[in-house]
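# Overview (structure and organization)
Listed here are the chains, written in short residue letters.
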Protein chains: 2
Amino acid sequence: MNNTAVIHGNFLYTPDKDNFVTLKNGYMYLRNGRIEYLGNKCPIENIPVLNYQDKLILPGFYDMHLHAPQFNQIGHGMDEQLLDWLNKYTFAEESKFVSASYAEEVYKIFADELVRNGTVGTAIFSTIHFESTNKLAEKILAKGLRAYVGKVNMDTNSATTLTEDTKISLQETEKFIQKWRQNKFVKPIITPRFVPSCTPELLQGLGNLAVKYNLPVQSHLSENISEVNLVKKLFPQEKYYLEVYDKFNLFGETPTLMAHCIHLSDAEISKIAKRNVYAVHCPDSNLNLSSGIMPVRKMLNAGVKIALGSDIGAGHSLFIPHAIVRAVQLSKLANLADNSCTPLKLSEIFYMATKSGGSFFGKSGSFEINFTADFIVVNVPESQKNKSLEEQLQNFIYHGKPQDIIKIYVAGKPVN
Amino acid sequence: MNNTAVIHGNFLYTPDKDNFVTLKNGYMYLRNGRIEYLGNKCPIENIPVLNYQDKLILPGFYDMHLHAPQFNQIGHGMDEQLLDWLNKYTFAEESKFVSASYAEEVYKIFADELVRNGTVGTAIFSTIHFESTNKLAEKILAKGLRAYVGKVNMDTNSATTLTEDTKISLQETEKFIQKWRQNKFVKPIITPRFVPSCTPELLQGLGNLAVKYNLPVQSHLSENISEVNLVKKLFPQEKYYLEVYDKFNLFGETPTLMAHCIHLSDAEISKIAKRNVYAVHCPDSNLNLSSGIMPVRKMLNAGVKIALGSDIGAGHSLFIPHAIVRAVQLSKLANLADNSCTPLKLSEIFYMATKSGGSFFGKSGSFEINFTADFIVVNVPESQKNKSLEEQLQNFIYHGKPQDIIKIYVAGKPVN
């Protein structure tokens, strides 16, 4: 594709969380990877039109929390509880990434799978290993996807094979930052695994790097009760878990993603909102690890920005429509327990998976003017063609499969 | 395939609910559609062996509650509550099945989809329409699957387009019974939609037919609170919902399937166990319609037989591994609320989806001697080939897709 293009088809997106905007038989004009026009007429003459008549054109999905090195362990040990699962499966698997060639093999398939699932942007945890993390960034870049890739930091309370020397951990992180910070598509992100696996010295060093290079941060927050209690024991002087991150400039000082956010007081929810931190909702993971249900309605009411994540390997599917459905389902259960928590509407969660997640990358995830042209083209079954575009979307989200996605574009370029 | 065959590969099944039995590089000898041998050696000389080396061979899935006419509405209106969903979507869609040609078109695709998803046996609700129900039975038979197909009965409290004359409802039901009762694969089942849509006269007539022809029964029980209250209002003389069915010989007098079974007292659970009624767990449907969580652990402890169902279109996936995962997930949430309800193990739910559901068809759903040879052949990704067979199964259940199923056999014959 040139640096200009016109796309023809049926468009659907969520400029705000409460409504779908649909456009039947519309035209989208792209220039230099961004949207310049969306409307009923072809805005330019004598330009080839990419004709996706009868297809649904949607913003691509943004998967804002996942562990790429856990790809091969998906589904394993789900009868175990959290700590056994980590020790028997996760730490054993992540330790294999000391081998860059193993990493290359796994991450190649992983990047293929992101594309197949219609994911255009991600925030990814790698492992502690510099070379392997580099391989991950390269594989994502080769696909032309957007990503924040984090070399994970762990220097305490971890498996011996995954415990770093504090100084080396910081050095390797800085080396990775310097290698990738100028890239337009794949960028570094500061990634302490979570409070229990980091010493204060490491957290301090990571906060310094975040500020020095003005880099975003990702980690885990209040996923389960024993984790919350452990943090309380490790940092008795801090009232709340999130204060530990905050103390070290890792909580909203730069753009920040915090996965899970389940066990929270009202005061903590207010602080997440105030610091503009994104809470990343990973509903399948929270079910699989018996973590609980994120108080999404309460957090939305408090003004917290929420994105969606697959969280593989604790989650088990890279197909973000599965996460959308699960988030709706869990909100219905939350409503049964407390009817002041109204169930989430499909538009609210579609918005999380597109424009909200996309906003971490800038103007992405919507079909408004000047947004990046990151979108997917979805085949519509014969039986759905006489339905409204919104019903076609409902059918795709609930019953669609990755193979219904026939094309994926990032910055106006097709991705394979 | 002849009436004898040998299958070679890696086998996994659950003769009881607590353990997987695995056999690596095994041989299964089939004769006249049944299993005569499973072991380490090829039992017969000079017989061609179907070689599925490195593949996983599993019992096929039994989907014991679903509404075939709702196939085209999957995912529609999931932001609505139950009654609006029924009125705006379900009743409108089911009314279209007055046209046998519409039915033929939908049911052809539906039957293809059952095969694609690895489902070997089903218990299906059709609509009230005789001709369309006939088309459904024909399409399933043409595929070579096992099914109980029910012409639905409704003569009160329903959309006008779906309200039958009581006498005609019973006549058409008997006509359908006579047409299909001798068939070995597709059989009739008595199918009152649920108590609120049937008059006492209709329920009485259906109970008589069940006894007269010794036919099984399927319906819905205690899916949501307002439905339970409505039944109480309609039949104030009965203490419990299930007593209404029981009064009319529709509750265990012949083999009986009752979908959902969520809002139940201990006395009702005991009665379900005592009457040998199968409770059919449909976890996705129960989430999508905000129905609640079936008390599975409690019911297992009380000795209730439990099978699994997709319940499309309130459920949204025909792929039974999705129902298996959801059942595990919901049991983990139930455990968070009440820690006496231990989470369900994967083997327990795999058993429900295979041997327990299969037992409604006789000796089906396991790889024991004399069981019907209903099985699927599953491709194993490269990354999983060095794992245990149990881990390969875990990966397939959590992360597998219908296209990983490369072959499906019913009664020893390949199905396409």
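Here the structure is a predicted model, which is why all the values come from computation and not from measurement.

## Focus on the sheet that holds strand E11 (residues 217-221) of chain A
Hydrogen bonds between backbone atoms are what pair the strands of a sheet, whose relative direction is either parallel or antiparallel. Residue and element names in this part refer to chain A. Ordered in space as E11-E12-E13-E14, the four strands form an open sheet in which the pairing is parallel. The open sheet is flanked by E11 and strand E14 (305-308), the only strands paired with a single partner. When the angles between neighbouring strand axes are averaged without regard to direction, this sheet yields 30°.

## Some words on helix H4 (residues 166-180) of chain A
All names here are of chain A. In this model, H4 (15 residues) spans 22 Å end to end at C-alpha, consistent with the 21 Å of a helix rising 1.5 Å per residue. Along H4, the residues classified as buried are Ser 169, Leu 170, Thr 173, Glu 174, Phe 176, Ile 177 and Trp 180. Burial along H4 is one-sided: seen end-on, the buried residues are contained in an arc of 160°.

## Focus: helix H8 (residues 266-274) of chain A
Residues and elements named next belong to chain A. Those residues of H8 not exposed but buried are Glu 268, Ile 269, Ile 272 and Ala 273. With its buried residues spanning 140° around the axis, H8 presents them on a single face. Tucked inside the fold, the buried residues of H8 contact E11, helix H7 (241-247) and helix H10 (296-301). Phi turns positive one or two residues past the end of H8, at Asn 276, with a value near 60°.

## A few points about the pattern of salt bridges
This structure, assessed with the given rule, holds 52 salt bridges over all chains. Here Lys 385 of chain A ties to Glu 382 of chain A by a salt bridge, and the two come within 3.0 Å at their closest N and O atoms. Given a relative accessible area of 28%, Lys 385 of chain A falls into the partly exposed group. Of the charged contacts, one joins Lys 247 of chain B and Glu 238 of chain B as a salt bridge, the two residues approaching to 3.2 Å between their closest N and O atoms. Look at the salt bridges and you will find they share partners, linking Lys 17, Asp 18, Arg 297, Lys 345 and Glu 348 of chain A into a network.

## Some remarks on the environment of Ile 140 of chain A
Residues and elements named next belong to chain A. Counting through the fold element by element, Ile 140 comes out in helix H3 (residues 130-143). A relative accessible area of 0% places Ile 140 in the buried class. In this structure the C-alpha to C-alpha distance between Ile 140 and Ile 44, which are 96 residues apart in sequence, comes to 33 Å. What Ile 140 contacts, discounting residues up to four positions off in sequence, is Phe 110, Ala 111, Leu 114, Ile 124, Leu 145, Ala 147 and Val 186.

## What to know about the environment of Gly 39 of chain B
Residues and elements named next belong to chain B. Looking at the secondary structure, you find Gly 39 in strand E3 (residues 34-39). For Gly 39, a relative accessible area of 9% puts it in the buried group. Along the chain, Gly 39 and His 8 lie 31 residues apart, while their C-alpha atoms are 9.9 Å from each other. Look past the residues within four positions of Gly 39 in its chain and what remains in contact with it is Leu 23, Gly 26 and Tyr 27.

## Quick look at the relation of the copies chain B and chain A
Superposition record for chain B on chain A: RMSD 0.0 Å, screw rotation 180°, translation along axis 0.0 Å. Taken together, the turn and the small shift mark the pair as related by a two-fold rotation axis. Scanning chain B for the C-alpha nearest the rotation axis identifies Lys 401 of chain B, at a separation of 4.5 Å. Comparing contact sets, 100% of the residues at the interface of chain B also lie at the interface in chain A, consistent with an isologous, same-surface contact.

Quick notes on the rules
- Sequence positions are assigned chain by chain, starting from 1 and proceeding in written order.
- Chains carry letters and ligands carry numbers; both start at the beginning, A for chains and 1 for ligands, and go up in the order they are written.
- In view of the model being predicted, local features appear only for residues whose pLDDT reaches at least 70, and side-chain atom pairs are presented and counted only at 80 or more, with totals across whole chains, interfaces and linings using the full set of residues.
- By convention in this description, side-chain values take in all heavy atoms of the structure and omit both hydrogens and water.
- Two strands pair if DSSP finds at least two bridges between them.
- Labels follow the DSSP assignment, with helices taken as runs of H or I lasting at least four residues and strands as runs of E lasting at least two, numbered in each case from the N terminus.
- What counts as an axis is a line fitted to C-alpha atoms, over the stretch in contact for a helix, and the angles between N-to-C directions run from 0 to 180 degrees.
- The span expected for a helix works out to 1.5 Å for each residue beyond the first.
- Between buried and exposed lies partly exposed: a residue is buried under 20% and exposed over 50% of the maximum accessible area for its type, with that area taken using a 1.4 Å probe on protein chains only.
- Directions pointing from the helix axis toward each C-beta atom define the arc.
- Residue contacts are defined here by distance: any two heavy atoms, one from each residue, within 4.5 Å place the two residues in contact.
- For this analysis, a salt bridge means a side-chain nitrogen from Lys or Arg found within 4 Å of a carboxyl oxygen belonging to Asp or Glu.
- A residue counts toward the fit only if its pLDDT is at least 70 in both copies, and the copies are then superposed by least squares on the C-alpha atoms of those residues.

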